[in-house]
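# Residue-level structure breakdown
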Amino acid sequence: MPNPNVVVVIEDDVDIRSLLSATLEPVGFVVYTAVDGLTGIETVRRVDPAVTTLDVSMPGLDGFETARRIREFSGTRILMVSARVDATEERLAREAGADDYLTKPFRPRELRARVQALVTEPGDAD
């Protein structure tokens, strides 16, 4: 069972990674960060988070492939965070396993609300 107060942030941009952590920690989340998809996958495996935020555009494994690999072993809720504002990208994210999609730039309050909603919503039954 996922840890309800744990979030994994997978983001290669240090400023955005810091912003995500700074936005979620004050409202009670324990945040683990990863700079790339492979490290993120291992972090999700290790800490079993309730929610994982995942950048789409990363070097190495992109967010879509990272989400697919996470879905192979985890029920963490995935929030894709991307600068790509395109319905096709959002569809691809959902097909890869994302539960929600948030575009950059985003308001910290919106990010918090989306993460909190994912924590309280029941996951999809497969």
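From a predicted model like this one, the values you see are computed outputs, not experimental measurements. (Residues numbered from 1 in each chain as written. Predicted model: local features only at pLDDT ≥ 70, side-chain atom pairs only at ≥ 80, totals over all residues. Heavy atoms only, no water.)

### Notes on the environment of Arg17
Here Arg17 shows up in helix H1 (residues 14-24). Among the residues examined, Arg17 registers a relative accessible area of 13% and is labelled buried. Each C-alpha atom of the pair Arg17 and Gly37 lies 13 Å from the other, and the pair is 20 residues apart in sequence. When residues no more than four places from it in sequence are discounted, the contact partners of Arg17 are Val9, Glu11, Asp12, Thr33, Ala34 and Val35. A polar atom in the side chain of Arg17 sits 2.7 Å from the backbone oxygen of Glu11. (Helix = DSSP H or I, 4+ residues; strand = E, 2+ residues; numbered from the N terminus. Buried < 20%, exposed > 50% of the residue type's maximum accessible area, 1.4 Å probe, protein only. Contact = heavy atoms within 4.5 Å. Polar contact = N/O pair within 3.5 Å; in protein donor to acceptor, adjacent residues only side chain to side chain.)

### Quick word on the sheet that holds strand S3 (residues 49-55)
Taken in spatial order, the five strands of this open sheet run S2-S1-S3-S4-S5, and their pairing is parallel. Either end of the sheet is taken by a strand with one partner, and the two such strands are strand S2 (30-34) and strand S5 (100-103). The average angle at which neighbouring strand axes cross in this sheet is 20°, direction not considered. (Pairing = 2+ DSSP bridges. Axes fitted to C-alpha atoms, helices over the stretch in contact; angles between N-to-C directions.)

### Here we look at the side chain of Asp100
Its location among the elements puts Asp100 in strand S5. A polar contact is formed between the side chain of Asp100 and the side chain of Arg114, at a distance of 3.1 Å. What Asp100 contacts, discounting residues up to four positions off in sequence, is Ile78, Leu79, Met80, Arg94, Arg114 and Leu118.

### As for the confidence of the model for the chain
Mean pLDDT over the chain stands at 92; residues scoring 70 or higher make up 95%. Across the chain, the secondary-structure element scoring lowest on mean pLDDT is helix H4 (residues 87-96), at 89, and the one scoring highest is S2, at 98. (pLDDT = per-residue confidence, 0-100.)

### Thoughts on the pattern of salt bridges
Under the definition given, this model contains twelve salt bridges. Linking Glu42 and Arg45 is a salt bridge whose minimum nitrogen-to-oxygen distance equals 3.7 Å. Here Glu42 pairs with Arg45, and both are found in helix H2 (residues 37-47), just three residues apart, close to one helical turn. For Arg45, a relative accessible area of 45% corresponds to the partly exposed category. Look at the salt bridges and you will find they share partners, linking Glu90, Arg94, Asp100, Glu110 and Arg114 into a network. (Salt bridge = Lys/Arg side-chain N within 4 Å of Asp/Glu carboxyl O.)

### Brief notes about the pairing of S3
Most of S3 sits inside the fold, with seven of its seven residues counted as buried. Note: strand S1 (residues 3-10) against S3, five bridges, orientation parallel. When the bridges of S3 are listed, Asn3 appears paired with Pro49. Pairing between S3 and strand S4 (residues 77-82): five bridges, direction parallel. Across the sheet, residue Thr52 finds its bridge partner in S4, namely Ile78. With helix H3 (residues 63-71) bridging S3 and the parallel S4, this β-α-β connection has right-handed handedness. (Right-handed = clockwise from strand over helix to strand, strands pointing away.)

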